[in-house]
Structure formats: C-alpha cells, structure tokens
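# Descriptive analysis of the structure
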Amino acid sequence: MSFGETPITLVGNLTDDPELKFTEGGAALAKFTVAVTPRSFDRNTNQWKDGTTAFYRCAAWRSLAEHVAECLGKGSRVVAMGRMRQHDWTTDQGEKRSMLAVEVDDIGASVRFTTVQINGKRPAQNGPAGDSPWDKTNAPAGAEFSAEPPF
C-alpha cells in the first residue's frame, strides 16, 4: 500500500454473484458489491436494530478475481480488505462524474454465522509440499504430534 491510500476492511454480504471479466491483455477482473449493515443494541427495547446499509462497489484482479468468482456468490458473508479508490470520468454529455470503489487486496468467507470448507492445500512456503512442520500428510504411521511449534 502506498503512502496516502485509504485502507478499508469490509464485513458484509455480496449483493449478487461476482462478475468475472478479462481485459484485452488477459488479466482477470471480478466486480462485486458488498452490503454492510451496522447493528446496535437498543437497551430500551432489548433488541438489535439495523442501521442504514452501505453498498461498496469492489474489484479484485488476477488470480484473486478468479478465486472470488469461483468461490463466492450472492449472499456470501465476506471479510474484504483493500483500498478506497476514486474514479473520475466524463459522460458522453460532458458531465463530470466520480465514484468511490474498493480495490480488494484480500477477501475471505466469514465463518461467524456458517462454516466453510477450504479446498486445496496450503502452498509450500519454504520448499516442496510436506516440508512444513505442521503438515501431517507425509508423516510416518504412528507419528505423534504436538500443538507446540517446532522451534
């Protein structure tokens, strides 16, 4: 993130399935909207109240875009982190317009109200698969494991 950028974290629900497109250069782009509704507890009525919903237009690029389009859909509760961007343009009628959007750097399904299943293995960080001290995949039969880190 560069100096002067506005970081943002959104926790909300997708309003529709992500729209996946590809640029002329072949870069994947996923566009989607996250609806964020604040909630507060009203002590007088002893109930939760919804505030005004804000809708954030979001974009994810390259492999993240493809993963978003493949894994998330309308209604998915997500935690998205990125940067606010202002987009300015002029209409065909010469009117100047601008809008704020979020360029998403990372996104995940929220497990607050549901469970999710992760498909695929975590990529090796320091060598070939199985080199991670926490990877039990290639462990010898009868091997014992500890929750303590191996350092």
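About the cut-offs
- Residues numbered from 1 in each chain as written.
- Predicted model: local features only at pLDDT ≥ 70, side-chain atom pairs only at ≥ 80, totals over all residues.
- Heavy atoms only, no water.
- Core = buried A, V, L, I, M, F, W, Y, C linked by side-chain atoms within 4.5 Å.
- Buried < 20%, exposed > 50% of the residue type's maximum accessible area, 1.4 Å probe, protein only.
- Helix = DSSP H or I, 4+ residues; strand = E, 2+ residues; numbered from the N terminus.
- 1 Å grid on protein atoms, 1.4 Å probe; cavity = no way out; pocket = protein on both sides within 12 Å on 5 of 7 lines; lining within 4 Å.
- Points joined across faces, edges and corners; volume = space filled by probe spheres on them.
- Nonpolar A, V, L, I, M, F, W, Y, C, P; charged D, E, K, R; others polar.
- Salt bridge = Lys/Arg side-chain N within 4 Å of Asp/Glu carboxyl O.
- Polar contact = N/O pair within 3.5 Å; in protein donor to acceptor, adjacent residues only side chain to side chain.
- Contact = heavy atoms within 4.5 Å.
- pLDDT = per-residue confidence, 0-100.

## Here we look at the nonpolar core
Core analysis: the biggest nonpolar cluster contains 20 residues, and Phe32, Val34, Val68, Val104 and Ile107 have the highest contact counts within it. Residue assignment for this core shows that the elements contributing at least two residues are strand S1 (6-14), strand S3 (28-36), strand S6 (54-61), helix H1 (62-71), strand S7 (77-90) and strand S8 (96-109). Element by element, the count of residues in this core is highest for S3, at five residues.

## Some points on the layout of surface pockets
Considered as a void within the structure, the largest pocket measures approximately 520 Å³ in volume. In this structure, the largest pocket is lined by 19 residues; those nearest its centre are His67, Cys71, Leu72, Ala109 and Ile118. A per-element tally of the lining of the largest pocket places H1 first, with five residues. Of the residues in the lining of the largest pocket, the class split is eight nonpolar, eight polar and three charged.

## Some thoughts on the pattern of salt bridges
Scanning the entire structure with this criterion turns up nine salt bridges. Among the ionic pairs, Glu5 bridges to Arg83, the shortest N-O distance being 3.5 Å. Taken as a pair, Glu5 in the segment before S1 and Arg83 in strand S7 lie far apart in primary sequence, 78 residues in all. Like Arg83, Glu5 is buried. In this structure, the salt-bridge partner of Glu103 is Arg83, at a minimum N-O distance of 3.3 Å. With Glu103 in strand S8 and Arg83 in strand S7, this residue pair connects regions lying 20 residues apart in the sequence. Through salt bridges with shared partners, a single network forms among Glu5, Arg83, Arg85, Glu103 and Asp105.

## Quick look at the side chain of Ser76
The residue Ser76 is located in the loop between H1 and S7 in this model. At 2.8 Å, the side chain of Ser76 and the backbone oxygen of Gly73 are in polar contact. Setting aside its immediate chain neighbours within four residues, Ser76 contacts Gly12, Asn13 and Leu14.

## Section: the confidence of the model for the protein chain
On average, the protein chain scores 86 in pLDDT, and the residues at 70 or more come to 78%. Ranking the elements of the protein chain by mean pLDDT puts strand S4 (residues 39-42) last, at 94, and S3 first, at 98.

## Some remarks on the side chain of Thr33
Summarising the element assignment, Thr33 is placed in strand S3. A polar contact of 3.1 Å, which involves the side chain of Thr33, links it to the side chain of Arg57. For Thr33, the residues in contact, after removing those within four places along its chain, are Asn13, Leu14, Thr15, Phe55, Tyr56 and Arg57.

## Concerning the environment of Thr33
For Thr33, a relative accessible area of 15% translates into the label buried. Between the C-alpha atom of Thr33 and that of Val102, which follows or precedes it by 69 residues, the distance is 9.4 Å.

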